[in-house]
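Here is how the chains run, residue by residue.
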Amino acid sequence: MKRARLARVHSIMAAASPIAAPNATLPATRRGYWHESRSPRYSLTFALPLLVLYEALAAALSQDANGVRNGADVLLKSAFQAVLGGRGQLVFGVVLVGTMVAFIVRDLRRSPGGLKGSTFVGMLVESVVLAALFGTVVGLLTAQLVGALVGGGQATGLAMGALDGVGWPTALMVSLGAGLYEELLFRVILVSVLLWSAKKLFGWGPVASGIFATLTAALIFSAFHYVGPFGDRLELGSFAFRAIAGVAFSALYIVRGFGITAWTHALYDVMLLVTRG
C-alpha cells in the first residue's frame, strides 16, 4: 500500500513537471508529424545541411567574396576569437556541431526509433510554404503599422541593401547564413538570455518576461541590419518590417522549432534574391 501510494505521488509530480512535455515520453513511433518535426532528432538534423551549405559556399567564395559573410556569423565567431585567438573559429564550429549532435543523440536515446525521410520532406515543404507566405503576411502587418504611424503610405518588401553590389553566389551564401546564424543568435541565444534576465534580475512573471524578450530581441534583430558596411539605409518601413519579422520568427521558433524556422528564414531570403534577378 505504501509503495503504491509513493508511486502514485511520483507519477503526479512527473506529470506536473514542466520538463514532462505531452509527447516527451512518447515512443518515436507514436509521434505525429507535428510533434516529431519539432524534436531535436528532426529539427537539428534538418538544420545541419543548411550549416554545411553555408560554410561550403563561404569557403568556396572566400577569395571572390572579399571576405563577405553573414553578419551574425561574424559576430558569433568574433566573440570566440576574442577569447581564444586564432583557434576561435575552429572551437566555435566544434561547439556548435557538437552541441547539435549531442541533443540529437540524447533525443534518440530517450525515445528510440529511426528517422523517416517523409518527415524531412514534409518539413522542407512546410518551410517553402511558410517562406512564400512570410513576406505577404509581414508586409501587410507592416503596411498597417507604418500607415498608423505616418498617416498613410504602403510598406514594401525588403531590398537586398548593400548586397545589390555583390555577385549572385555571394548573396546566396549570405542568405543561407541569415537563416542559420541569425536564428541562432537572435532567437536561440538572445531571446533565452533576455528571458532569463527578465525573470532573474527583474523578477517578472513568465508572460511579461516572454513579451519583453520577444519584442526586445525583435528590435535588436531589426537594428542589426543597418550596422556595418553592408548595412541597409535606415527607413521606417524596412525597420518595421524586420521588427515584425523578428516577432514572427520568434513565434515560429517556439511553435515549430529551430530547423523549420532557420530554413523558412533562409528560403525567404533566397526567394527575395531570385525576384531581384
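What counts, and at which threshold
Residues numbered from 1 in each chain as written. Predicted model: local features only at pLDDT ≥ 70, side-chain atom pairs only at ≥ 80, totals over all residues. Heavy atoms only, no water. Helix = DSSP H or I, 4+ residues; strand = E, 2+ residues; numbered from the N terminus. Buried < 20%, exposed > 50% of the residue type's maximum accessible area, 1.4 Å probe, protein only. Areas by Shrake-Rupley, 256 points an atom, 1.4 Å probe, with all protein chains shown as cover. Phe/Tyr/Trp six-rings, centres within 6.5 Å; stacked < 30°, edge-to-face > 60°. Lys NZ or Arg CZ within 6 Å of the ring centre and 35° of its normal. Contact = heavy atoms within 4.5 Å.

**Q** Just give me the short version of the overall build of the protein chain, but keep the residues and values in it.
**A** Within the protein chain, the secondary structure is distributed over 9 helices and 0 strands. Walking the protein chain from its N terminus toward its C terminus, one meets helices and strands in the order α-α-α-α-α-α-α-α-α. For the protein chain, the proportion of its 277 residues judged to be buried stands at 40%. With the model as given, the accessible surface of the protein chain reaches about 14900 Å², and the carbon-plus-sulfur share is 70%.

**Q** Could you give me a rundown of the packing of aromatic side chains, with the residues and numbers involved?
**A** Tallied over the entire structure, the rule returns 14 aromatic pairs. Measuring from ring centre to ring centre gives 5.6 Å for Phe46 and Trp263, while their planes differ by 40°; the resulting arrangement is tilted. Here Trp263 lies in helix 9 (residues 236–276) and Phe46 lies in helix 3 (residues 40–60), a separation of 217 residues in the sequence. Taken as a pair, Phe46 and Trp263 share a single burial class, namely buried. Taken together, Tyr54, Phe80, Phe92 and Tyr181 form an aromatic cluster joined through their ring pairs. Lying over the aromatic face of Phe221, Arg187 brings its terminal NZ or CZ to 4.5 Å of the ring centre. Arg256 extends its terminal NZ or CZ atom over the ring of Trp34, reaching a point 4.1 Å from the ring centre.

**Q** Lay out the environment of Gln81 in plain terms, naming residues and giving numbers.
**A** Tracing the chain through its elements places Gln81 in helix 4 (residues 71–84). Classification of Gln81 as partly exposed rests on a relative accessible area of 32%. Residues Gln81 and Val91 lie 10 residues apart in sequence; the distance between their C-alpha atoms is 8.9 Å. Those residues within four positions of Gln81 in sequence are excluded, and the remaining contacts are Gly88 and Gln89.

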